[in-house]
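Structural characterization, general
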Amino acid sequence: MRRRITFRQLETFAAVARLGSFSRAAEAMHLTQPAVSIQLRQLADTVGMPLFDQTGRELRLTAAGDELLATVRSLDDVWNRFDSAIDELRGLRRGKLRVALVTTAKYFVPRMVGAFCRRYPDVSIELEIANRAKIVERLRRNEDDLYVMSYPPDDLDIVVHPFLDNELVVLAPRDHWAAGRPVTLAELAGEPFLLKEPGSGSRHAVDAFAAAAGVQLRVRLSLASNEALLELAGTGMGLTVLSRHALGERLEAEGLCVLDVAGFPLHRPWNVVHLRSKVLSLPARAFLDELRQAPALPAG
């Protein structure tokens, strides 16, 4: 079977799977739509099973299509590694680096990517920023090289490298009654809280800490946006818990302060993650090494 399947057919198939449309794939690959259809029909004939189900305008992968897409992504990993190895033998540092990160990591990872780009200007970078659920789904589908998150999934066979401390702090308006004095989480239990969406790394850490302390928090609102949480907390709508990395200059601008809550800051590591089966390209390995050389995590 493999002798009758061409790289061009696999490339076309992957484009249709990614874009969910024959016409969009044709446009992206500078082909006509009939040419795309012919290639996919030939590919399906070779496989001996349909690769897509189409209902109206919706295009979905069949079970065979899912298996083929996973294989194409594995082949892409191996080929990228080969390209990088050949470039290194030529004395070059070319190749592609694909990094996906959760939204809070956008406050520091792009700076690291920028520094990496300056050192390796010929490396092509693809950066994806989304909430944790979407990043985990991308990890599950092997769409990128490396993934940055604070709360890795426990149902995947992955390699996890902690590389930076993630401090979670409790924020309140500067005129809040608890400002400037030590308090416990139990004393704040009656306060409304504005927290990150369920499933996020910070929400998982807060929920786990509250449960261990036997405290039931009054969660008034759950949001994915750090910026929105800061603005709402500044209006006095409720307390919030965010990573210090998300604050920047916003703490003063929003009229907020960090409360002195027993047990806080919560320390959770930022992790760079990849599938154990992932064949990392040379740029991916170089960037992973740079992340792991970030300032050491504090003891305890």
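Figured I'd write up the structure that's included with this text.

Each helix and strand counted, the chain has ten helices and 13 strands in total. Out of the 300 residues belonging to the chain, those deemed buried represent 45%. Taking contacts inside the chain between residues at least 6 apart in sequence as the whole, the part at least 24 apart equals 74%. With an accessible surface of roughly 15,700 Å², the chain has 51% of that area assigned to carbon and sulfur atoms. The centroid of the 38 positive side-chain charges in the chain is displaced by 4 Å from the centroid of its 37 negative side-chain charges.

Here the amide bond leading from phenylalanine 264 into proline 265 is cis, since omega sits at 0°, within 30 degrees of zero. In this structure, proline 265 sits in the loop between strand S12 (260-261) and strand S13 (266-275). The phi torsion at histidine 30 lies on the positive side, around 60°, for a residue other than glycine. A relative accessible area of 72% places histidine 30 in the exposed class. Backbone geometry at asparagine 142 places phi at a positive 60°, although glycine is not the residue there. Among the structural elements, asparagine 142 can be located in the loop between helix H6 (132-140) and strand S5 (146-149). The buried category is assigned to asparagine 142, whose relative accessible area is 13%.

To continue, consider the pairing of strand S4 (residues 123-130). Of the pairings in the sheet, the one linking strand S3 (residues 95-102) to S4 comprises eight bridges and is parallel in character. Pairing of arginine 98 across the sheet is with glutamate 126, part of S4. Between the parallel pair S3 and S4, the chain is carried across by helix H5 (residues 109-119), and the sense of this crossover is right-handed.

This structure, assessed with the given rule, holds nine aromatic pairs. Summarising the aromatic geometry, the rings of phenylalanine 209 and phenylalanine 264 are spaced 5.1 Å apart at their centres and angled 75° between planes, so their arrangement reads as edge-to-face. Note that phenylalanine 209 is positioned in helix H7 (residues 201-213) and phenylalanine 264 in the loop between S12 and S13, a separation of 55 residues in sequence. Assessed through its relative accessible area of 21%, phenylalanine 209 is described here as partly exposed. Given the relative accessible area of 13%, phenylalanine 264 is considered buried. In this structure an aromatic cluster arises from ring pairing among Phe7, Trp79 and Phe82.

Criteria and cut-off values
Residues numbered from 1 in each chain as written. Predicted model: local features only at pLDDT ≥ 70, side-chain atom pairs only at ≥ 80, totals over all residues. Heavy atoms only, no water. Helix = DSSP H or I, 4+ residues; strand = E, 2+ residues; numbered from the N terminus. Buried < 20%, exposed > 50% of the residue type's maximum accessible area, 1.4 Å probe, protein only. Contact = heavy atoms within 4.5 Å. Areas by Shrake-Rupley, 256 points an atom, 1.4 Å probe, with all protein chains shown as cover. Lys, Arg positive; Asp, Glu negative; His and termini not counted. Charge placed at Lys NZ, Arg CZ, Asp CG, Glu CD. Pairing = 2+ DSSP bridges. Right-handed = clockwise from strand over helix to strand, strands pointing away. Phe/Tyr/Trp six-rings, centres within 6.5 Å; stacked < 30°, edge-to-face > 60°.

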